[in-house]
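Next come the chains, spelled out residue by residue.
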Amino acid sequence: MTNAKTQIDETIKANNVVLFMKGTKSMPQCGFSSRVAGVLNFMGVDFADVNVLADEDIRQGIKDYSDWPTIPQLYVKGEFVGGCDIITEMMLSGELDTLLETNGVTFDQAAADKIREANA
């Protein structure tokens with residue numbers, strides 16, 4: 001597990017935005033992962049995706065690393081942000097926009113606004 005922890009830590013530090021998910025950003029393999037990846041993709045956020053289904057040590061390791069029991073898990077600039085419900089709430093409230101702006105992560109503001117309009 002130490003190797004998995006090291007790999008997780010290096011991935012989080014090497015990327016501005018990382019989504020630990022079931023599947024990949026182009027082919028999510030669960031609804032929750034699909035929702036978060038879909039939001040990030042639609043907003044044009046450049047993010048690294050880590051398929052936890054490809055490695056059981058990473059799948060369990062990320063849960064231990066964050067002390068969060070579920071997948072997906074989003075990290076921005078090395079900080080754990082949350083899972084699907086939290087990201088959805090942050091998206092709809094505009095908090096995700098603020099978090100990305102504050103951390104210098106580029107995204108399409110018009111796309112973010114469209115998501116909120118569609119869910120109003």
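Structure first, text after, so check above.
Peer 1: Looking at this structure, I do not really get unusual backbone geometry. What am I missing?
Peer 2: Peptide bonds are, in most cases, trans, and in most cases residues other than glycine have a negative phi. Following Ile-71, the chain continues into Pro-72 via a peptide bond in cis, with omega recorded as 10°. Among the structural elements, Pro-72 can be located in the loop between α3 (56-66) and β3 (73-76). Within the chain, Lys-77 stands out as a residue other than glycine whose phi angle is a positive 50°.

Peer 1: Explain helix α2 (residues 31-42) here, please?
Peer 2: Owing to its 3.6 residues per turn, the α-helix aligns residues three or four sequence positions apart on the same side. Under the 1.5 Å per step criterion, the end-to-end length of α2 is 16 Å for 12 residues, consistent within 8% with the ideal 16 Å. Taken together, the buried positions of α2 are occupied by Ser-33, Val-36, Ala-37, Val-39 and Leu-40. In an axial view of α2, the angular spread of the buried residues amounts to 155°, which keeps them on one side of the axis. The inward-facing, buried residues of α2 contact β1 (17-21), β3, α4 (84-93), α5 (95-102) and α6 (109-118).

Peer 1: Would you take a moment to explain the pattern of salt bridges for this structure?
Peer 2: When the charged atoms of two side chains lie near each other, side chains of opposite charge can form a pair. Under the counting rule described, the total for this entry stands at three salt bridges. Taking the shortest distance from any N to any O, the salt bridge between Asp-9 and Lys-13 comes out at 2.9 Å. Taken together, the positions of Asp-9 and Lys-13, both in helix α1 (residues 2-14) and four residues apart, correspond to about one turn of that helix. Of the residues examined, Asp-9 reaches a relative accessible area of 21% and is grouped as partly exposed. Residue classification places Lys-13 among the exposed residues on the basis of a relative accessible area of 65%.

Peer 1: Before we go on, may I ask you to explain the packing of aromatic side chains in this structure?
Peer 2: Given two aromatic rings, their pairing is described by the distance between the two centres and the angle made by the two planes. Within this structure, the stated rule accounts for four aromatic pairs. Ring plane angle 75° and centroid distance 5.8 Å describe the contact between Phe-20 and Tyr-75, whose orientation is recorded as edge-to-face. With a gap of 55 residues between them, Phe-20 in strand β1 and Tyr-75 in strand β3 connect regions that are remote in the sequence. Phe-20 sits in the buried class, given a relative accessible area of 1%. Residue classification places Tyr-75 among the buried positions, given a relative accessible area of 2%. Between Tyr-75 and Phe-80, the aromatic rings sit 5.3 Å apart at their centres with planes inclined by 50°, giving tilted as the arrangement. Taken together through their ring pairs, the aromatic side chains of Phe-20, Tyr-65, Trp-68, Tyr-75 and Phe-80 make up a single cluster. Over the aromatic face of Phe-47 sits the side chain of Lys-25, whose NZ or CZ is 4.5 Å from the ring centroid.

Criteria and cut-off values
Residues numbered from 1 in each chain as written. Predicted model: local features only at pLDDT ≥ 70, side-chain atom pairs only at ≥ 80, totals over all residues. Heavy atoms only, no water. Helix = DSSP H or I, 4+ residues; strand = E, 2+ residues; numbered from the N terminus. Expected span 1.5 Å × (residues − 1). Buried < 20%, exposed > 50% of the residue type's maximum accessible area, 1.4 Å probe, protein only. Arc of directions from axis to C-beta. Contact = heavy atoms within 4.5 Å. Salt bridge = Lys/Arg side-chain N within 4 Å of Asp/Glu carboxyl O. Phe/Tyr/Trp six-rings, centres within 6.5 Å; stacked < 30°, edge-to-face > 60°. Lys NZ or Arg CZ within 6 Å of the ring centre and 35° of its normal.

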